[in-house]
Amino acid sequence: MSHAVVIAGGGPTGLMLAAELALARVDVAIVERRVDQEVPGSRAGGLHARTIEVLDQRGIADRFLAEGQIAQVAAFAMVPLDISDFPTRHNYGLALWQERIERILAAWVGELGVPILRGREVTGIAQDETGVDVALSDGGSLRAQYLVGCDGGRSLVRKQAGIDFPGWDPSISYLIAEVEMAEEPAWGLRRDRLGTYALGKLDGGKRARVVLREERVEQGDEPTLRELRAALVALYGTDYGLRSASWISRFTDMARQAASYRHRRVLLAGDAAHVHSPMGGQGLNVGVQDAVNLGWKLAQVVAGTSPESLLDTYHAERHPVAARVLRNTMAQTALSRGDERMDAVRETMSELLRLDEPRKRYAGMMSGLDIHYDLGSGHPLLGRRVPDLDLVTERGPQRLFTLLHEARPVLLDLGARAALDITPWVDRVRRIDARYDGVWELPVLGAVTAPAAVLIRPDGHVAWVGEGDDRGLADALTTWLGPPVA
Ligand SMILES: Cc1cc2nc3c(=O)[nH]c(=O)nc-3n(C[C@H](O)[C@H](O)[C@H](O)COP(=O)(O)OP(=O)(O)OC[C@H]3O[C@@H](n4cnc5c(N)ncnc54)[C@H](O)[C@@H]3O)c2cc1C
């Protein structure tokens, strides 16, 4: 069986990528080890503002908002960062467990008709000049023009493609579990020289969610009730009559990143490309946004409208984003230690983050709203996310994000006096004439000069800004949509 693209792994990243490719009418299939979308243990607890925006760009944010709890979730080293004054429709985060997020994404992928080969693993890959052979655990195989490894931190695809995964070994490990105890424990957060740990109430205190640091760094996959009991006794001097655990898992602060996000016809996204501590709740968010950066580029290469070199912009744009996440999680892990000197650093940091400018900068980073791809110098909008403006179009009032639902590029002409000639690309870009009389305001940066026109990529980032003429437009169209058709 052959497909244009095969995705190994149907977690949040693989599902989002599949949907992006399906929107672009690419023949794509997912191979997923799990038989259903159940997420064992506990993983992500929600979405940051930019991820909600990205889902809004595809018209599906409401599905998530309907099931989660809106809250101010951005924080750095546990210092809350309020983004309610940020110029975005979604000036908040969303508390929603990963399993719910995955189920909503999987339902959308189902509507888009993407086949998911469940209960099967990718066991081997071999690439040649024209494609990749993908061996499966059921003895079958698939052929694809491109293979994307969205198969998590231990990615087999990454290893078999020979892509290095440099970084830092863990300095601390944690057990996380949902438990029943006979006695009332000491609820709340504690900190000691090695790290921060906590006991939180569930069901009004009948059960507890525990996050316990371990004395030594452990890496085993399936921690036991005995290990959990030992960790409780080591930290609290008692196990509080620990009776049972509905699940127990372990995580560490290991921080590693793929040296390259692409090796010929094999690409990596999400945890397969980067792993780090869960501090700040960023991993799932970065993975979903990797997928939205890669999807339309891969679709254009598969369609033959753009050269393969477009795929290199995926690494160039997304590698620095995850590198910054690794750095900020390492800083937050250090700040979670509780010796007196580190307490002083944390207090200093917390004082700084209460000042307006640092708060905005860090909130922009943690929420993902400040992401800026380096597309050269020029107007501040260049390389940044386009705001969801209330436009007036020929069809009446329309939110800008609704123009991106089909994941196609948009040339938004806001009254540029010069004629914008896009004839050679007319089948590849949607042209919209609109009016917008309000202020253009970006998170962190504030108000910027109103452009006369903008070229918006399918991922919502601005690829070209017109300031009254069409200078640079043909170059931008060639770079991002492929060479002109004669
Ligand atoms: C305790 C904890 C808390 C976290 N909290 C947050 C948070 O609040 N916010 C946040 O954004 N992130 C958080 N994360 C991180 C988040 O869970 C991950 O970043 C996210 O799951 C990555 O998604 P992914 O799709 O890239 O990888 P995964 O979710 O790991 O999905 C990979 C998929 O590939 C499948 N697979 C693996 N190997 C193969 C194979 N060979 N063949 C076929 N299928 C395969 C797996 O079954 C899985 O479905 C947390 C993580 C932990 C551990």
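Up top you'll find the structure we're talking about.
Attention here is on the structure that accompanies the text. (Residues numbered from 1 in each chain as written. Predicted model: local features only at pLDDT ≥ 70, side-chain atom pairs only at ≥ 80, totals over all residues. Heavy atoms only, no water.)

**Structural notes on the pattern of salt bridges**
Part 1 of the argument: Using the criterion set out here, one finds 44 salt bridges in the structure.
Part 2 of the argument: Where R399 meets D56, a salt bridge forms, and the shortest distance between an N and an O atom there is 2.5 Å. With R399 in strand 23 (residues 396–399) and D56 in helix 2 (residues 49–57), the pair connects residues that are 343 residues apart, well separated along the chain.
Part 3 of the argument: Among the residues examined, R399 registers a relative accessible area of 26% and is labelled partly exposed.
Part 4 of the argument: A relative accessible area of 8% means that D56 is categorised as buried.
Part 5 of the argument: Notably, a salt bridge pairs D388 with R399, separated by 2.8 Å at the nearest N-O pair. Of this pair, D388 sits in the loop between helix 10 (356–367) and strand 22 (390–393) while R399 sits in strand 23; the two residues are 11 residues apart in sequence, bridging distant segments of the chain. (Salt bridge = Lys/Arg side-chain N within 4 Å of Asp/Glu carboxyl O. Helix = DSSP H or I, 4+ residues; strand = E, 2+ residues; numbered from the N terminus. Buried < 20%, exposed > 50% of the residue type's maximum accessible area, 1.4 Å probe, protein only.)

**Notes on the sheet that holds strand 7 (residues 93–95)**
Part 1 of the argument: Read across the sheet, three strands follow the order 3-7-4 without closing on themselves; strand pairing throughout is antiparallel. Where the open sheet ends on each side, the last strands, each with one partner, are strand 3 (46–47) and strand 4 (69–71).
Part 2 of the argument: Sheet topology note: the strand 4/strand 7 ladder contains three bridges and is antiparallel. By the bridge assignment for strand 7, Q69 is matched with A95. (Pairing = 2+ DSSP bridges.)

**Things to note about the sheet that holds strand 18 (residues 255–257)**
Part 1 of the argument: The antiparallel open sheet is built from three strands, whose spatial order is 12-18-21. At either end of the open sheet lies a strand with only one pairing partner, and these are strand 12 (167–168) and strand 21 (274–275).
Part 2 of the argument: The pairing of strand 12 with strand 18 spans two bridges and is classified as antiparallel. Opposite W168, over in strand 18, you have A255 as the bridge partner.
Part 3 of the argument: Contacts between helix 8 (residues 312–335) and the sheet are confined to strand 12, strand 18 and strand 21, with strand 18 contributing the most and set at about 170° to the helix. (Contact = heavy atoms within 4.5 Å. Axes fitted to C-alpha atoms, helices over the stretch in contact; angles between N-to-C directions.)

**Brief notes about the site of the ligand**
Part 1 of the argument: Among the 28 residues in the neighbourhood of the ligand, the closest are listed as T13, E32, Q98, D271 and L284.
Part 2 of the argument: In the environment of the ligand, an oxygen atom lies 2.8 Å from a nitrogen or oxygen atom belonging to the side chain of T13.
Part 3 of the argument: Compared with its free state, where it exposes 990 Å², the ligand has 89% of that area covered by protein.
Part 4 of the argument: For the shell around the ligand, the elements supplying multiple residues, two or more each, are helix 1 (12–23), strand 2 (28–32) and helix 7 (283–303).
Part 5 of the argument: Per-element tally for the shell around the ligand: the top contributor is helix 7, with three residues. (Near = heavy atom within 4 Å. Polar contact = N/O pair within 3.5 Å; in protein donor to acceptor, adjacent residues only side chain to side chain. Areas by Shrake-Rupley, 256 points an atom, 1.4 Å probe, with all protein chains shown as cover.)

**Topic: the environment of G396**
Part 1 of the argument: When you line up the elements, G396 lands in strand 23.
Part 2 of the argument: What makes G396 buried here is its relative accessible area of 17%.
Part 3 of the argument: Placed 99 residues apart in sequence, G396 and K297 show a C-alpha to C-alpha distance of 31 Å.

**Comments concerning the nonpolar core**
Part 1 of the argument: V5, I7, M16, L21, F64, V148 and L298 are the most contacted members of the largest nonpolar core, which totals 93 residues.
Part 2 of the argument: Contacts of L21, omitting those with residues within four sequence positions, involve V5, I7, V26, V28, G295, L298 and A299. (Core = buried A, V, L, I, M, F, W, Y, C linked by side-chain atoms within 4.5 Å.)

**Some thoughts on the side chain of N293**
Part 1 of the argument: In this structure, N293 sits in helix 7.
Part 2 of the argument: Only 2.8 Å separates the side chain of N293 from the side chain of K297, close enough to count as a polar contact.
Part 3 of the argument: Ignoring sequence-local partners within four residues, the contact set of N293 consists of Y314, E317, R318, Y373, R457 and D459.

**Digging into helix 11 (residues 473–481)**
What sets the pattern is the α-helix's 3.6 residues per turn: residues three or four places apart point alike.
Part 1 of the argument: Along helix 11, the residues that are buried comprise L473, A476, L477, W480 and L481. Viewed end-on, helix 11 has its buried residues packed into an arc of 100°, placing them on one side of the element.
Part 2 of the argument: In this structure, the buried side of helix 11 is in contact with helix 7, helix 8, strand 24 (410–413), strand 28 (453–456) and strand 29 (462–466).
Part 3 of the argument: Where helix 11 terminates, the next one or two residues include G482, which has phi positive at roughly 105°. (Arc of directions from axis to C-beta.)

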